[in-house]
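One letter stands for each residue in the lines below.
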Amino acid sequence: MSASRLIYVGAEDWLHPHWREAFYPDGLPDDWQLSYYNTRFQAVYLPASRWQTATAADWVQWLADTQPGFRFLLEPGTLPPPCDARIIVATPEWCDAHLWWIDAFPDLRELARQASARAANGEPLFVISRSGDLEKMEQAMILGEVLGY
């Protein structure tokens, strides 16, 4: 995979009720949340139950609402995923090679080691928070900046 970034930070979905006060500005319309999320984060992991219920119009909007470097990671499901270079089916094998669940493995030293190992091969690392832990996501962003990724 060719990537312009080496570390992509994000969450499982961009809809987290606790983000209404902690992350999204007051009064931000619901349909602007993905665009706002993409001002800070570069990827989102979507469970199959979420992305498989999205309509073709939803996907057109989601892709339009995000920057070209943004990535959608999709849990494998029963339906074929939309065809777009920014959409990655996150199979278990792919996850083993490219995904770091920051909630399960919050050790930043180990994260730095993993990121450096992938960077040496030009491979990206996706750092995702299942719970939407903004503090851990921010730490991963800072680590990426410090490492120059």
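Quick caveat, the model's predicted, so the values are computed rather than measured.

Criteria and cut-off values
Residues numbered from 1 in each chain as written. Predicted model: local features only at pLDDT ≥ 70, side-chain atom pairs only at ≥ 80, totals over all residues. Heavy atoms only, no water. Buried < 20%, exposed > 50% of the residue type's maximum accessible area, 1.4 Å probe, protein only. Helix = DSSP H or I, 4+ residues; strand = E, 2+ residues; numbered from the N terminus. Pairing = 2+ DSSP bridges. Phe/Tyr/Trp six-rings, centres within 6.5 Å; stacked < 30°, edge-to-face > 60°.

Peer 1: What should I look at first to understand the pairing of strand β1 (residues 7-12) in this one?
Peer 2: Residues in a regular strand project their side chains so that they alternate between the two faces of the sheet. Within β1, six of the six residues are buried, which leaves it mostly tucked inside the rest of the structure. The pairing of β1 with strand β6 (residues 125-129) spans five bridges and is classified as parallel. Directly across from Y8, in β6, lies its bridge partner F126. Bridge count for β1 against strand β2 (residues 43-46) is three bridges, and the pairing is parallel. Looking at the pairing, A11 lines up with V44 of β2.

Peer 1: What's the story with the packing of aromatic side chains in this structure? I'm lost.
Peer 2: Counted by the stated rule, this structure contains 17 aromatic pairs. When the centroid spacing of 4.5 Å and the interplanar angle of 15 degrees are considered together, the rings of Y8 and F126 count as stacked. Highlighted residues: Y8 in strand β1 and F126 in strand β6, separated in sequence by 118 residues. Y8 sits in the buried class, given a relative accessible area of 0%. A relative accessible area of 0% means that F126 is categorised as buried.

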